[in-house]
Amino acid sequence: MTDMNTEKLKTELLTLNMGPQHPATHGVLRVEIKTDSETIAEAIPHLGYLHRCKEKHSEYLDYRGIIPYTDRMDYLASMNMEHGYCLAIEKMLGTEVPRRAEYVRVIVAELQRIASHLMFFGTYAIDLGAFSPFLYAFQDREFILRIFEELSGARLLYNYIWIGGVWTDINDAQLKRIENFLEELEENVKKYHSLVGENSIFIGRTANVGVISEEMAYEYGATGPVLRGSGIDWDLRKKRPYSIYEEFDFDVITGKGLKGQVGDCWDRYHVRILEIFESIKIVRQCLEGIEEGPIMGKVPKVLKVPKGEIYMRTECPRGELGYHIVSDGGKTPYRVKVKSSCFTHVSMLPEMAPGQMIADFVASIGSIDIVLGEVDR
Amino acid sequence: MLNEIVTFLNNEVSGCNAVLNTAEVGDSSITIDAKHIKPACVALKNSSTFKMNVLQVISGVDYPETSEIEISYMLASFIENTEFILKIRVPRGDDSNLPSVESVCDVWKSANFLERETYDMLGVTFENHPDHRRILCGDDWKGYPLRKDYVVEKVYNGMVVDPEEKINKADIEFFAKMRLEHEDPTAVSGSWVDDHAWIDQDLSSKAKNRVAEVKAAKKAKAAEAAAQEKGSKDD
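Residues numbered from 1 in each chain as written. Chains lettered and ligands numbered in written order. Predicted model: local features only at pLDDT ≥ 70, side-chain atom pairs only at ≥ 80, totals over all residues. Heavy atoms only, no water.

Q: Would you mind going over the overall build of chain B with me for this structure?
A: In terms of regular secondary structure, chain B is built from 5 helices and 9 strands. Along chain B, helices (α) and strands (β) appear in the sequence α-β-β-α-β-β-β-β-α-β-β-β-α-α when read from the amino end. Along the first, second and third principal axes, the C-alpha atoms of chain B reach 115 × 40 × 35 Å. Only carbon and sulfur atoms are counted for the fraction: they give 50% of the accessible area of chain B, which is about 12,700 Å². Charged side chains in chain B number 28 positive and 41 negative. The centres of these two groups are separated by 5 Å. (Helix = DSSP H or I, 4+ residues; strand = E, 2+ residues; numbered from the N terminus. Areas by Shrake-Rupley, 256 points an atom, 1.4 Å probe, with all protein chains shown as cover. Lys, Arg positive; Asp, Glu negative; His and termini not counted. Charge placed at Lys NZ, Arg CZ, Asp CG, Glu CD.)

Q: How should I be thinking about the pairing of strand E6 (residues 308–316) of chain A in this particular structure?
A: Taken residue by residue, a regular strand's side chains alternate between the two faces of the sheet. All names here are of chain A. E6 sits mainly inside the fold: 9 of its 9 residues count as buried. Across 9 bridges, the pairing between E6 and strand E7 (residues 319–327) is antiparallel. Bridge pairing in E7 places Tyr311 opposite His324. Following E6, the chain reverses through 2 residues before pairing antiparallel with E7. (Buried < 20%, exposed > 50% of the residue type's maximum accessible area, 1.4 Å probe, protein only. Pairing = 2+ DSSP bridges.)

Q: Please explain the sheet that holds E6 of chain A as it appears in this structure.
A: As a general point, the strands of a sheet are linked pairwise by backbone hydrogen bonds and lie either parallel or antiparallel. All names here are of chain A. On the basis of which strands lie adjacent, the open sheet formed by 3 strands has the order E6-E7-E8 and antiparallel pairing. The sheet is open, and its two edges are formed by E6 and strand E8 (335–339), each paired on a single side. Within the sheet, the average angular offset between the axes of one strand and its neighbour, ignoring direction, is 15°. Along the sheet face, helix H4 (residues 78–93) touches E6 and E7 and points at about 150° away from the line of E6. (Axes fitted to C-alpha atoms, helices over the stretch in contact; angles between N-to-C directions. Contact = heavy atoms within 4.5 Å.)

Q: Would you explain the interface of chain B and chain A in this entry?
A: How big an interface is tends to be expressed through the accessible area that disappears when the partners come together. Of the residues lining the interface, 46 residues belong to chain B; the matching set on chain A comes to 42 residues. For the chain B and chain A pair, buried surface summed over both sides reaches about 3,700 Å², with 55% attributable to carbon and sulfur atoms. Among the residues chain B hides against chain A, the three largest losses belong to Phe78, Phe113 and Leu136 of chain B. Together they make up 19% of the total. A salt bridge links Glu117 of chain B to Arg377 of chain A, with the nearest nitrogen and oxygen atoms 3.1 Å apart. Applying the counting criterion to the chain B and chain A interface returns 20 residue pairs in polar contact (both at pLDDT 80 or more). Elements represented by at least two residues in the side of chain B that touches chain A include exactly strand E3 (54–63), strand E4 (68–77), strand E5 (82–91) and helix H3 (111–122) of chain B. Per-element tally for the side of chain B that touches chain A: the top contributor is E3 of chain B, with 10 residues. Residues of the side of chain B that touches chain A, tallied by class, amount to 23 nonpolar, 11 polar and 12 charged. (Buried area = accessible area lost by both parts, 1.4 Å probe. Salt bridge = Lys/Arg side-chain N within 4 Å of Asp/Glu carboxyl O. Polar contact = N/O pair within 3.5 Å; in protein donor to acceptor, adjacent residues only side chain to side chain. Nonpolar A, V, L, I, M, F, W, Y, C, P; charged D, E, K, R; others polar.)

Everything listed here is a matter of geometry and, on its own, says nothing about what the molecule does.
Have a look at this one:
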């Protein structure tokens, strides 16, 4: 009797759509999940909900006109996006950027990295069910946005770093305020980490979850904190220094598996938190060493980039950002290809998901810290 | 380093015909025969000297003049700290006859999404790809947007994608009509600027005149009231 019944009963996987509008997917990522009760059997990411044809647009704009578009890719790290693009064009043109501009660029890029990591800290805590860390993180992030607003007039999308230099100069009062802020921030982040990172519930939710092994990180071309979280000592600012990064003294943070395995969600969280301190170190050295002088190099009014191509990559808060720019010698680029780190990180999800609980999958998505504006471009 | 890779590839993969493109500006690259892309990638990854363990990005460029699509594989070794651009060129083909390249998904897993993007944007198919679909555009999208001869479709699923008139004129006309019909046109505010040449000039000038009239009338009324008040005070 019972045998007959069980023969008739059959089980099948339940298909569940997570997103495109879902608070845990950080934007408009849709993941099609096949679940066996709470356990995920298969996850298929569907991208393109925020595809805005940036690469196609770039073929119709002049070289300067593309900078605001790069802002809108990773809207949480606009300064870093601009920086990479301008470096690529400057390398093609052979422009020399004044020392003061380089310092200002590094200051804003590192402050942006701090702001982006604070954003990660806040949203990741929300993903895992804690709301108040978000408010703490935003309090500190607000200071950075205010400084950027004073410099560029905008809070998120700056168009501040220009080809050849930066738009406006930073003044001594602002530098002083940044210095004071860094001291405050250092104390705060230590506090936040002890509040969240050392919390046993947080550790329970993140340690040994979503492990990315060294092998897997290389296979998928992971970069940035995801790669370093897997214990690999790789930071472009050290390994292939651009701008003036070789002059600064800072450490590359790698995941050590302090709370579980190397490469789990907690490690990636910890790498980002410690990177805030390294960024603070770099900004402090900048504040000491900043020189007087012009902020704009010599760039022709009508920008024509000589024929050729370049692949330039920089270290952004979420990983390496690469610009492949092909020029045919005209006023507009022939092709701009953006290598987005988030795009490659999303491709890891199908391998990370099987066997995870749905709630752990949310923790995994949060820990790779994607911004859909950059994934879809 | 590039010269060594060229020699290595020519020795290791017979017939791949590796050529070094030295660039005066920007990055140099290596071009190989499109048929040998996979063996070349396997050789580079497994080689003990180069250890190209990361495929960073696949970037395609369309060249309609030579009727070719150039695909660049940005390879890097995170062990040796080196990187270079490996290129292949395939004939462009057309919608019914898309160019085809062997997939390198077995070599690096990151190729999965990157090849899908190249297919989506440039219409290059990849043989033996495990999940060969579009990625950024919808599954029902027609054409390959990053090809140079791509024409933006007028209508997609019933939605007008590329309207002839990019500005909603109806809104601006509505603003003008409101000012003509509303009992107090000075209270009508709009963010639309109505001094463009293509607006119905008659309508907009009428609206402007009415606003001016009403404003003047109000002003006169206020002045009169003030004078009266003054007069009453004098009494």
